[in-house]
Amino acid sequence: MKKALFTTLAMVIVTASLAACSGNGGSTETAKPSNNAGTSTNAPAVEEVIDPFAKFEQATEVSIGRGIDPNYKYDGNDIAEDNVYTRWLKDKYNIVVKHAWEAAQGDDYQQKVSLAISSNDIPDAMVVNETQLRQMVKAGQLADLKEVYDKYASPELKAVYDSNPGLLDGVTFDGKLYALPETTLPSAPMTWIRKDWLDKLGLEEPKSLQDLGNIAKAFIDNKMGGDNTIGIVGTQQGGSLSSNFLASTDHWYNFSPLFFANDAYPGIWVKDKDGNAVYGSTTEETKNALSMMRDWYASGILDKELGIRKSTAEVVASGQTGIFFGPWWAAYNIGDSMANDPNANWRPYAAPLNDAGQFNSNQATGSSYIVVSKNAKHPEAVIKMTSLHKWTKDEEYKTLTNGKEMTSQEVPLFLILGAGDQLEYAVDALRKVLTGEMKLDDVDDINYSWAYEMAGHVQAIKKEPFDNYDIQYFDQKADPGFFSHIYAHLNGGSTFVDADINWTRSIATAQTKTMESRWTNLKKLEDETFLKIIMGSVELSAFDEFVSKWKSQGGDKITEEVDALK
Amino acid sequence: MIPRSFAKHFYIMLIPGLLWLIFFNLYPMYGVVAAFKEYNPGLGLWRSPWIGLENFKYMFELDDSKIIFRNTVVIAFSKMIGNLIVPLVFALMLNEVKNRLFTRTVQTIVYLPHFLSWVIVGGMMLDIFAYNGPVNSLLSAMGVEPILFLANANAFPALIVGSDIWKEFGFNAIIFFAALTSINPEMYEAAAIDGASQWQRLIKITIPSIMPVAALLATLSLGNILNAGFDQVFTMYNPSVYSTGDIIDTWVYRAGLIDFQHGLATAVGLLKSVVGLVLITVSYTLAYRFANYRIF
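Residues numbered from 1 in each chain as written. Chains lettered and ligands numbered in written order. Predicted model: local features only at pLDDT ≥ 70, side-chain atom pairs only at ≥ 80, totals over all residues. Heavy atoms only, no water.

Caption draft 1: Broad picture of the overall build of chain B. Along the backbone of chain B there are 14 helices and zero strands. Ordering the α and β elements of chain B from the N terminus gives α-α-α-α-α-α-α-α-α-α-α-α-α-α. Overall size of chain B, expressed as C-alpha extent along the three principal axes, is 75 × 70 × 30 Å. Across the 296 residues that make up chain B, the buried fraction comes to 45%. The long-range share in chain B, meaning contacts at least 24 apart out of those at least 6 apart in sequence, stands at 64%. A total of about 16,400 Å² of accessible surface is found on chain B, and carbon and sulfur atoms cover 71% of it. Distance from the positive charge centre (18 side chains) to the negative charge centre (17 side chains) of chain B: 11 Å. (Helix = DSSP H or I, 4+ residues; strand = E, 2+ residues; numbered from the N terminus. Buried < 20%, exposed > 50% of the residue type's maximum accessible area, 1.4 Å probe, protein only. Contact = heavy atoms within 4.5 Å. Areas by Shrake-Rupley, 256 points an atom, 1.4 Å probe, with all protein chains shown as cover. Lys, Arg positive; Asp, Glu negative; His and termini not counted. Charge placed at Lys NZ, Arg CZ, Asp CG, Glu CD.)

Below, the structure written as structure tokens:
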């Protein structure tokens, strides 16, 4: 009863705030964009020429659901709903962004989105994940964006999607375009290690699993992080042990690399040696990985509180541990650690390798999507916002924002958009601009505008030697607005770009029919068994029981369905 | 007999409670039809296709259903008993202390945790029972190996029940304090003159006098027999304690809001309500028969 109350209360709040927002939406008339931008295309006369960057004639309201970082500090009195960026949108383009609701980024936001979908009470637009997108398509809650996209998307936006083949096809169902997908930045989990600790102990960077285990042991034995030094940290309470096919980009703070280095791919569908689909969590390789992790846990290498720790970020920041797993962009999130200890020199390594010396990773499939409700009055405004977010950064904009790069906290409906090879290009451009091999003007600011922005700041931040990305060779004070970007791209991005990665892609990237009803149960079985095996509360043989149970409780049927997909 | 005009006040005072009941308990009830449908949010509750008892059939096939029902009953029942006895004993003990300043201070302090949300208290519990937390420091000082309480399936329900009692006993004791102050002091005076000891006065006067209140509270709390406390368990559990800690509400949350299995989640929730109704009816009858207590 308490739960029902909780849910109802949440729904009531959502409804009330939605009503409040739609209540003052005065502009009922469809805003017509001015078509004075007379580009000389030889389009037929009947078709109106639309300037994707034109101002709406009337205030055009878009209600959104918004994820907020509670710790983010805005300039002055700015808030998420009213800041430099949203005022610019309003003054220059007449786009008024209203928040139907706000929730803290991460689980809270996802929960709120799911609640909105389930209660069919969705704002004009929001950013959702793949499972939510599919649920919304199935429920018929979304607007077909095909027409507005063709008409209103800027040439640059279209170029981005054209350079990422298959991205728009992935969100086109029955010929209808239901979302604007993020151009996923490729990501593989790397091993992040305190290099200052390695140097102090005179240790080499890790290659094999064995090396990694020894380093963790050395850190603990030498009390590098105090009496309670933790070897390797990862999954926290509510998190998962590894990424899976429904959240394939989820590589931050879990133990995926320990599985990958054992050639195990839990959570995704792979091919066995006969070419048949098999669920990675049920393979012999996964059992081996679990057996190894069980030993590591028993000998204290892995965090004793894995899976129940309140916050992994907390122990990373406090300097209690020297090893975690994360993607290249994890460099953005180690600022607290560096603030607590200026010597903290976190470096990523494309390790551990498997027995054959390969660095394995599963391949990310889905990420974030902007979706528009079928009841939205101005889907074109959403398209325009997406175009604006990335392009038309004129002088006026630069003065307004004071040169600060706007983040997802200022920009509503923030989506990472760029050419398919944006990360490679950015890292390459930064390196070459540093060494003088490339001039700033030679950086392609049309297709890789972000790389161009960063290249303009890199020289003030990166000190010599240019090919050493240890923290002491960065000037953190010179250009604080860009330091974290440059540091993340050079320290994290470069290692990732240079790594030779053996990718494995899941055969299925969304739930099949049987999964829809059985997955909660099967997932629970898996999570519980794996965690218990690692923590030693059940024998390793529990894995075989898990496999047979998993198969009989619907797993076999699901595998058949997945096999048909390949 | 209360005069009619005066009785009006009672009806007016009833309104907020009734409104709450209608909006939060009766109104959402129509949602149970989702248990018999393949719910599609886009079509809405009424236009979603009927699938009969499909959801229930699947629910009974699942091993999970038995486990989560058992966990829910075990945790909720232990909480019920604990939340009755601990505040009662506490109130009786504090009642014997004559220093009013002391009793007032203690009362205020012990009921404070009631006003903290489980998100906060749950976080505190995670810290207190952490591997390097205060409890384990104490144990290791006594030469005991550190224990991972929160990953221990045997310890977890005790932890849930214990922390719930710790959080609520001060608040629950308020009703007992009220009952204790309403006992006629003349009885104590008379007993004292007759030479009854402190202990005899407690056994013969205090306890019998507040028994009806205790019976009332016990009966009322039976309505919560299947509420093991979603917010508490959710902030404290993890997969390694699913076998004893996963309750109906957390399971329904994962099935309904994470995996969008609305029908199944509703079916499980409905079964919970049905079992709850039966239990309440039975306990109400029992309360009438043995304690002569009636609500209607």
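The structure having been displayed, the exposition proceeds.
Caption draft 2: Structural context of the nonpolar core. By size, the foremost hydrophobic cluster in this structure holds 102 residues, and its most contacted members are Ile-232, Phe-255, Leu-258, Trp-269, Trp-296, Leu-302 and Trp-519 of chain A. With twelve residues, helix α8 (residues 155-181) of chain B is the largest single contributor of residues to this core. Counting 60 residues, the second largest nonpolar core, distinct from the first, contains Val-171, Leu-415 and Leu-417 of chain A together with Phe-260 of chain B. (Core = buried A, V, L, I, M, F, W, Y, C linked by side-chain atoms within 4.5 Å.)

Caption draft 3: Representation of the layout of surface pockets in the model. Approximately 930 Å³ is the volume attributed to the second largest pocket. For the lining of the second largest pocket, the secondary-structure elements that each account for two or more residues are α4 (130-139), α18 (513-535) and α19 (542-563) of chain A together with α3 (54-61) and α14 (262-291) of chain B. The leading source of residues in the lining of the second largest pocket is α4 of chain A, at six residues. Broken down by class, the residue content of the lining of the second largest pocket amounts to ten nonpolar, twelve polar and 14 charged. When residues of the lining of the second largest pocket are assigned to domains, at least three fall in each of domain 1 (23-31 + 44-185 + 367-401) and domain 2 (190-358 + 513-563) of chain A. (1 Å grid on protein atoms, 1.4 Å probe; cavity = no way out; pocket = protein on both sides within 12 Å on 5 of 7 lines; lining within 4 Å. Points joined across faces, edges and corners; volume = space filled by probe spheres on them. Nonpolar A, V, L, I, M, F, W, Y, C, P; charged D, E, K, R; others polar. Domains from an automatic or database assignment.)

Caption draft 4: Region of the structure containing the confidence of the model for chain B. Averaged over all residues, the pLDDT of chain B equals 87, while 97% of them reach at least 70. Here the prediction assigns the complex a pTM of 0.78, and the interface score ipTM is 0.76. (pLDDT = per-residue confidence, 0-100.)

Caption draft 5: Geometry of the interface of chain A and chain B. Across the boundary between the two partners, chain A contributes 43 residues, which contact 50 residues of chain B. In this assembly, chain A packs against chain B so that about 4,100 Å² is buried in total across both faces, 56% of it on carbon and sulfur atoms. Summed over the shared surface of chain A and chain B, the number is four salt bridges. One salt bridge in this structure joins Asp-64 of chain B and Lys-524 of chain A, with 3.5 Å as the shortest N-O distance. There are 15 residue pairs in polar contact (both at pLDDT 80 or more) connecting chain A and chain B. Only α1 (2-23), α3 (107-118), α4 and α18 of chain A provide two or more residues apiece to the side of chain A that touches chain B. For the side of chain A that touches chain B, the leading source of residues is α18 of chain A, giving 13 residues. (Buried area = accessible area lost by both parts, 1.4 Å probe. Salt bridge = Lys/Arg side-chain N within 4 Å of Asp/Glu carboxyl O. Polar contact = N/O pair within 3.5 Å; in protein donor to acceptor, adjacent residues only side chain to side chain.)

Caption draft 6: Expanded view of the packing of α3 of chain A against α4 of chain A. All names here are of chain A. Close contact between α3 and α4 brings their axes to 11 Å; oriented N to C, the two are set at 5°. Overall, the two elements α3 and α4 adopt an arrangement that is roughly parallel. For the pair α3 and α4, the contacting residues are Gln-110, Val-113, Ser-114 and Ile-117 in the first and Gln-132, Gln-135 and Met-136 in the second. Looking at the contact of α3 with α4 residue by residue, the classes come out as three nonpolar, four polar and no charged. (Axes fitted to C-alpha atoms, helices over the stretch in contact; angles between N-to-C directions. Parallel < 35°, antiparallel > 145°, perpendicular 65-115°, else oblique.)

Caption draft 7: Examining the side chain of Gln-237 of chain A more closely. Note on placement: Gln-237 of chain A falls in the loop between α8 (209-221) and α9 (256-260). Excluding anything up to four places from it in sequence, Gln-237 of chain A contacts Gly-307, Ile-308 and Arg-309 of chain A together with Phe-234, Thr-235, Met-236 and Tyr-237 of chain B.

Caption draft 8: Broad picture of unusual backbone geometry. Residue and element names in this part refer to chain A. Ala-351 connects to Pro-352 through a cis peptide bond whose omega is -5°. Along the chain, Pro-352 falls in the loop between β11 (346-349) and β12 (359-362). A cis amide bond, omega -5°, links Glu-464 with the succeeding residue Pro-465. Within the secondary structure, Pro-465 is located in the loop between α16 (449-461) and α17 (480-498). With a phi close to 65°, Asn-94 is a non-glycine residue in the positive phi region. Structurally, Asn-94 is set in the loop between α2 (84-93) and β2 (95-104).

Caption draft 9: Representation of the UniProt feature "domain: ABC transmembrane type-1" (unreviewed entry) in chain B. When the UniProt feature table is mapped to this numbering, "domain: ABC transmembrane type-1" (unreviewed entry) covers residues 69-283 of chain B. Across residues 69-283 of chain B, the secondary structure splits into 76% helix and 0% strand, with the terminal C-alpha atoms separated by 19 Å. (UniProt positions renumbered as here; feature names shortened; annotations may be inferred.)

Caption draft 10: Structural view of a negative patch on the surface. Where like charges cluster on the molecular surface, the negative patch consists of Asp-263, Glu-284, Glu-285 and Asp-355 of chain A. Inspection of the secondary structure assignment puts Glu-284 of chain A in helix α10 (residues 284-298). (Patch = residues over 30% accessible without salt bridge, like charges linked within 9 Å, V, L, I, M, F, W, Y side chains within 5 Å.)

Caption draft 11: Summary view of the pattern of salt bridges. Residues and elements named next belong to chain A. Following the criterion strictly, the structure yields 25 salt bridges over all chains and no others. A salt bridge links Lys-532 to Glu-528, with the shortest nitrogen-to-oxygen separation between them at 3.6 Å. Taken together, the residues span about one helical turn, with Lys-532 and Glu-528 both in helix α18 at a distance of four residues. Given a relative accessible area of 13%, Glu-528 falls into the buried group. Residues joined in a network through salt bridges with shared partners are Lys-195, Asp-199, Arg-347 and Asp-470.

Caption draft 12: Quick look at the domain arrangement of chain A. All names here are of chain A. With domains assigned, chain A is organised as domain 1 (23-31 + 44-185 + 367-401), domain 2 (190-358 + 513-563) and domain 3 (423-503). A straight line from the C-alpha centre of domain 2 to that of domain 3 covers 29 Å. If you look at the interface, domain 2 gives 19 residues, while domain 3 gives 19 residues. Here domain 2 and domain 3 share an interface that buries about 1,400 Å² over both sides, 60% of which is from carbon and sulfur atoms.

Caption draft 13: Expanded view of the sheet that holds β11 of chain A. Residues and elements named next belong to chain A. Reading across from one edge, β10-β7-β11 is the order of the three strands in this open sheet, with antiparallel pairing throughout. With partners counted over all chains shown, the strands left at the sheet margins are β10 (323-326) and β11, one partner each. On average, each strand axis in the sheet is tilted by 30° relative to the strand beside it, whichever way the strands run. Relative to β11, strand β7 (residues 190-194) is paired through four bridges, and the arrangement is antiparallel. By the bridge assignment for β11, Thr-191 is matched with Tyr-349. (Pairing = 2+ DSSP bridges.)

Caption draft 14: The pairing of strand β13 (residues 369-372) of chain A, seen in detail. All names here are of chain A. Residues Tyr-369 and Val-371 point to one face of β13 and Ile-370 and Val-372 to the other, with burial holding for every one of them. Of the pairings in the sheet, the one linking strand β3 (residues 125-128) to β13 comprises four bridges and is antiparallel in character. When the sheet's bridge partners are listed, Val-128 is paired in β13 with Tyr-369. Relative to β13, strand β6 (residues 180-181) is paired through two bridges, and the arrangement is antiparallel. Directly across from Leu-180, in β13, lies its bridge partner Ile-370.

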